[in-house]
Every structure is written in structure tokens, then in C-alpha cells.
2 protein chains.
Amino acid sequence: MSGPRPRQGRPAIADDGDDLSFCSTCAFSSACLQSGYGKSQLRDLHVLVEHIGPFAEGEHVFREGDPFNAIAAVRAGTVKTYVADSEGREQVQGFYLPGEIIGLNAISQARYPCNAVAMDPVSLCRFSFSTMSELASRMPGLQQQLFVLLSQDIGKAALLAGNYTAEERVAAFLISLSQRYATRGFSADRFRLTMTRTDIGNYLRLASETVSRVFRHLQDEGFIRVDRREIELTGRLALEKLARNVLRM
Amino acid sequence: MSGPRPRQGRPAIADDGDDLSFCSTCAFSSACLQSGYGKSQLRDLHVLVEHIGPFAEGEHVFREGDPFNAIAAVRAGTVKTYVADSEGREQVQGFYLPGEIIGLNAISQARYPCNAVAMDPVSLCRFSFSTMSELASRMPGLQQQLFVLLSQDIGKAALLAGNYTAEERVAAFLISLSQRYATRGFSADRFRLTMTRTDIGNYLRLASETVSRVFRHLQDEGFIRVDRREIELTGRLALEKLARNVLRM
DNA sequence: GGGCGCGCCTGACCTGGATCATGGCAATGC
DNA sequence: GCATTGCCATGATCCAGGTCAGGCGCGCCC
């Protein structure tokens, strides 16, 4: 993780206390809890966790080409990853919500292949990848979790690749956000879009005008209610139907 | 790997002979050679390799929903992976050439999330994933190789996702094939397309007519020469320029 | 308060690629 | 030799979404 360094907040290295819930959004802790590890082994894991941030809105977490040495779980806020094409246009690759992992696609080249920027105040859990690999050799469950996380990400990217209409894309985007918020304990039907229409369009490969128009249309149909960044899903079933092909459900 | 079982050819389990080159296209063998392992350790690896096939053109290697238990390296032929959308239309996800690995995206759900079918006679090296995971715990280099392979695949899928013209997509497709053939020792400038125009279109999210027209146009420009499935790249530089944004080079 | 900038919306128009229809050509089978 | 089938090419037309232009409202700073 290069770019701005942690400037305040929690100690860089987790302390040895027994309170394992101090980082409830940290995916690895929960992943390993699921794997049935005891507290002593979890403490091993916590040694390699470093809490960094907060990053202010617009601040970069890492930039394309930075040397890779760590992956990170989002603790709070939203991180956007993007690349710039040869004409300097931005291509958004993904939005990462609390509990989700950034940096997995950097392993193969040992450099981050994209930029990551905070959409709002962001805190992260940083995991040294070399330490984690080493630990994974001794903890088969952790190794397996890493394989699963990596494998999941392969599928995710393929979703956008399909041949879908603007309406299908937008619906899938909303349903996906909703599901992801819900699994983290937030409301599934009412949340705040932390990104602009332009960002959404860049992500879905649509013009921002099209995003606006589709929002309008979905609202006219009674499927959603939008007010600036606030959104409410009032016709979840209809949205899911639209999103079905994209999300493969 | 479900579907048709091996019906002839090499023994199912590699023998203990010293000839480690018997499977020169097998990515893992070479990956581990690169990692500096000695022959005795390589033999460990070869124990978990099973040569299967040949599969005839049109035969399925696995199908969506099949339980996952192995990944496989293509030894010979081309494998196409695809899914069917809710209206039964086929969406091609990728083509896998000799040396490339299929099945990595199946780890997270323990089921293959797509279908894999042979485009021409195909032989595979099958690797039991559980055995390999276990082995990876004892061979950090192998674990690392697996991480790298998985991480690579995350990026690949993202390429198609972009907002590109038909010409850029087709050029990128050709350059990508060329590069991949070249790294496997085949000619970079002259090769056979093992798939139909429809398959190419399904993969690139273009109509097959558009693929035809773009081929024609690229030929008129002098960048390629096409004769049915045979293709020659006569203007590699121009093609690379067209492909630059898609392939990020 | 007033100017300014940014995000967002909306309408008018344009265009790249899809779709539809047709025909050619090579391989295969009878 | 002739029919069939699958793949490919090409022309005519259509349309989803891009592009361009204008306008509005909110927050911010002087």
C-alpha cells in the first residue's frame, strides 16, 4: 500500500488483547472464525493486520504501478478502483464496500494494476501479503480462504462483460449493492450511493445521461425512489428480474 | 472433471520415469521448474497429474453445476468456456489454448460456474485440487504459483468489460491469440482460428456479421489476410495500436 | 448576497453495430 | 452428380444508447 500513510486512529499493529471483535468488518477475521480456528491462532492472524486510514474523499489508497505488498479489507467507506486508457479517460473497475477486499489482482505482477481512491472517508485493514502467504502454509483453512477469495473475484469481473441493456446493467448494479450492504448488516432497501452518476456510468459502460434516464425510468415504473444520492428499492422483485441475466441468479 | 471420461491414450497417472518433459505444455510442471524445484519434488507434483482425453470436437469437458474437484491445463487443442443466459443464448467466456488453465473460477463455489467444450481434439492435464492444495502447504513456491495464476485470471476477464469499438475488440482478440501462441512456441503471425465467427462474436459481444465485416475491413487496410479459418497478421503494429486500449499495453 | 462550479437532468439529434434477408461456397452424404 | 448442411459474406434497415447543448439546484467561497 503506497500513497498517503495512516495519519491517526488505531495503533498500526493490533494489540494482544482478547477483544477479537475490534475489527468486525475485517473479512479475514470472520473468514477464519468460520474456519473454526481458536483464539490463539486468530491472534497469529491479527499480528499481520494493520489498521490504516482514514483516507479522505478523493485520496488514493494506491496507484497503478505501485509495488504490491499487501491486500486490504475495507473497514469503512467505499473504495473505487479504476484505470486510465490511452486518451486519459477513466474506466472504473469496481466499487468496494466495507468487508470487501482490494488488491487481489495485484499478486500476479507484484504491482497494482489499477488505481484505488476513496469515495468518502475510508479505513482499511492492511494484510502484508508475504506474511499472510507464509501463514497460509501453516493454516490450510487460511490458504483455502485465499483461494476462494481469489476465485470469487475471477467471476465478478465477468459479469460486466456481457451484452446487456442499460436497464439490465443499472438494475444489476442496484441489486448487487443492495445484497452486499445486506450481508454486512446494512439496510437492503435503502442506502446511499457514494458515487456520482458519472462513476456509475463509467463502471457500467454507460453515459452518465443514460444512468440518469434509466433511474428516471425505473422510478416511473415504481421500482425505485431516487433523491440525489439516496435510493430506495421499492420493487425489488422487478429489479431482480431485470438483473437476472447479469447476476446469473 | 465430470462428463466424458478418458477413453484412451496415456496412462491416467504419470509413471515414475525420469522424463519430466513428457508433458511439456503442462503449465504447472514448467511453473515449478521455474520455481527451482528439484526432480524429486517435481515427481511429487507429477503424482497428482492425470492425463485425460482426447475429447472430440463438441464434447464437453465439464458442465455448469458439475462438482468441482480439479483444475486442468490444456495440453492440446482449444477449450471454449461459456454460460447460457435465461433465454438460452450462449455467452462465450473464454478460449483456452495449450498451456492455459481451466477451472480456476470454480474454487469459490465448489462447482463449475460455466460449461467447457472442446473446439477440436483436446487433451488435458488434470490436477486434483484438494491434493494440490495439500501439496501447496508444503511447497511455498507452488502455493505462490497458484496465487499468481488465480490473480492473473481476475485481470483477464476485465479486458472484455471495457467500452470498445468492434475494430478494437477484434484487433485485441487477434493480438492476444498471437501472443499466446507465440509464448507456446507457435507462429505469432500465422495461425488457425479454431472457432467460428459466431463464437468469436459471442466472446467479443459482437454479431457474427460484425466480425466478418471487421475482418474484411482489416484485410482491406492490409493488416491481416484471412482465408476461412486461416489468418495471417501482416500489419501487427497497426493491429497492436488498435488493440492498445483493450489489452492495456 | 452573489458568483461559481459541480452534479444532475432533459431534450434533440446522430451513429455504430444489431438485425434481417439473401446468396455463395466447401464439406459431407447419398 | 445432386442435395443438404454449416459457415461465412454482404447489403438494407433499424434502434439503443452516445453525443451535444442547455438548464437547474445546491454547496462553497469570497
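Cut-off values and rules
Residues numbered from 1 in each chain as written. Chains lettered and ligands numbered in written order. Predicted model: local features only at pLDDT ≥ 70, side-chain atom pairs only at ≥ 80, totals over all residues. Helix = DSSP H or I, 4+ residues; strand = E, 2+ residues; numbered from the N terminus. Buried ≥ 20, exposed ≤ 12 C-beta atoms within 10 Å, placed from the backbone. Expected span 1.5 Å × (residues − 1). Arc of directions from axis to C-beta. Contact = placed C-beta atoms within 7 Å. Core = buried A, V, L, I, M, F, W, Y, C linked by C-beta atoms within 7 Å. Near = placed C-beta within 6 Å. Nonpolar A, V, L, I, M, F, W, Y, C, P; charged D, E, K, R; others polar. Pairing = 2+ DSSP bridges. Axes fitted to C-alpha atoms, helices over the stretch in contact; angles between N-to-C directions. Parallel < 35°, antiparallel > 145°, perpendicular 65-115°, else oblique. Least-squares fit on C-alpha atoms with pLDDT ≥ 70 in both.

## Here's the deal with the overall build of chain A
From N to C terminus, chain A includes eight helices and eleven strands. When burial is assessed residue by residue, chain A has 43% of its 249 residues classed as buried.

## A look at helix α7 (residues 208–220) of chain A
All names here are of chain A. Compared with an ideal rise of 1.5 Å per residue, which puts 13 residues at 18 Å, α7 spans 18 Å between its outermost C-alpha atoms and is within 8% of the ideal. Within α7 the residues assigned to the buried category are Val-211, Val-214 and Leu-218. With its buried residues spanning 65° around the axis, α7 presents them on a single face. For α7, exposure combined with an orientation more than 90 degrees from the buried face picks out Glu-209, Arg-216 and Asp-220. Those residues of α7 that are buried are in contact with α5 (166–183), α6 (197–204) and β10 (224–227). After α7 finishes, the residue Gly-222 shows a positive phi value of roughly 85°.

## Topic: the nonpolar core
Judged by nonpolar contacts, the single largest core of 132 residues is most densely connected at Phe127(A), Leu174(A) and Leu174(B). The element best represented in this core is helix α4 (residues 140–161) of chain A, accounting for nine residues.

## Some points on the protein's contact with DNA strand C
Around DNA strand C sit 18 residues, and of these Thr196(A), Ser212(A), Thr165(B), Ala207(B) and Thr210(B) come closest. Breaking the surface near DNA strand C down by element, the ones donating at least two residues are α6 and α7 of chain A together with α7 (208–220) of chain B. Its residues assigned to classes, the surface near DNA strand C comprises five nonpolar, five polar and eight charged.

## Concerning the sheet that holds strand β5 (residues 90–96) of chain A
Residues and elements named next belong to chain A. Spatial strand order, β2-β7-β4-β5: four strands in an open sheet with antiparallel pairing. Of all the strands in the sheet, the pair left with one neighbour each is β2 (60–62) and β5. Neighbour to neighbour, the strand axes of the sheet diverge by 30° on average, direction disregarded. Contacts from α6 reach β4 (79–84) and β5, with the element oriented near 100° to β5.

## Some thoughts on the protein's contact with DNA strand D
Close to DNA strand D lie 18 residues; Thr165(A), Ala207(A), Thr210(A), Thr196(B) and Ser212(B) are nearest. Mapped onto the surface near DNA strand D, the elements with two or more residues apiece are α7 of chain A together with α6 (197–204) and α7 of chain B. Broken down by element, the surface near DNA strand D gets its largest block of residues, five residues, from α7(B).

## A word on the sheet that holds strand β7 (residues 115–118) of chain B
All names here are of chain B. The sheet built from four strands is open, its strands ordered β2-β7-β4-β5 with antiparallel pairing. Looking at the sheet topology across the chains shown, the edges are occupied by β2 (60–62) and β5 (90–96). For this sheet, the mean angle separating the axes of adjacent strands, direction not counted, is 30°.

## Things to note about the pairing of strand β11 (residues 230–233) of chain B
Residues and elements named next belong to chain B. Where burial is concerned, the two faces of β11 differ: the one with Ile-231 and Leu-233 is buried and the one with Glu-230 and Glu-232 is not. Alignment of strand β10 (residues 224–227) against β11, held across four bridges, turns out to be antiparallel. Across the sheet, residue Ile-224 finds its bridge partner in β11, namely Leu-233. The hairpin turn running from β10 into β11, its antiparallel successor, is two residues long, and Arg-228 in that turn takes a positive phi close to 55°.

## Points about the interface of chain B and chain A
Opposite the 35 residues of chain B that make contact, chain A presents 35 residues. Where the side of chain B that touches chain A is concerned, the elements lending two or more residues are β5, α3 (129–138), α4 (140–161) and α8 (236–247) of chain B. Considering each element in turn, the side of chain B that touches chain A owes the most residues, 16 residues, to α4(B). The residue makeup of the side of chain B that touches chain A, split by class, is 15 nonpolar, 15 polar and five charged.

## What about the environment of Glu57(B)?
All names here are of chain B. Along the chain, Glu-57 turns up in the loop between β1 (49–55) and β2. The class of Glu-57 is partly exposed, set by 14 C-beta atoms lying within 10 Å. Distance in space between the C-alpha atoms of Glu-57 and Ala-136 is 34 Å, their sequence separation being 79 residues.

## A few points about the packing of α6(B) against α7(B)
Angle between the axes and distance between the axes: these two values describe a pair of packed helices. Residues and elements named next belong to chain B. Running from N to C, α6 and α7 point in directions that differ by 100°, and their axes come no closer than 8 Å. Comparing their axes, α7 and α6 come out roughly perpendicular. Contacts from Arg-197, Thr-198, Ile-200 and Gly-201 of α6 reach α7 at Ser-208, Thr-210, Val-211 and Ser-212. Across the contact of α6 with α7, the residue classes tally to two nonpolar, five polar and one charged.

## As for the relation of the copies chain B and chain A
These two copies of the chain differ by a rotation about an axis and a displacement along the same axis. By a simple turn and slide, chain B fits onto chain A: the slide is 0.1 Å along the axis, the RMSD is 0.0 Å, and the turn is 180°. In short, the pair behaves as if placed about a two-fold rotation axis.

## As for the environment of Gly99(B)
Residue and element names in this part refer to chain B. Assignment of secondary structure puts Gly-99 in the loop between β5 and β6 (101–102). Exposure remark for Gly-99: the 20 C-beta atoms within 10 Å place this residue in the buried category. The sequence separation of Gly-99 and Val-148 amounts to 49 residues, and the corresponding C-alpha distance is 15 Å.

## Quick word on helix α3 (residues 129–138) of chain A
All names here are of chain A. The complete set of buried residues in α3 reads Phe-129, Met-132 and Ala-136. Take α3 and look down its axis: the buried residues cluster within an arc of 60°, on one side only. Residues Ser-130 and Arg-138 are exposed on α3 and point more than 90 degrees away from its buried face.

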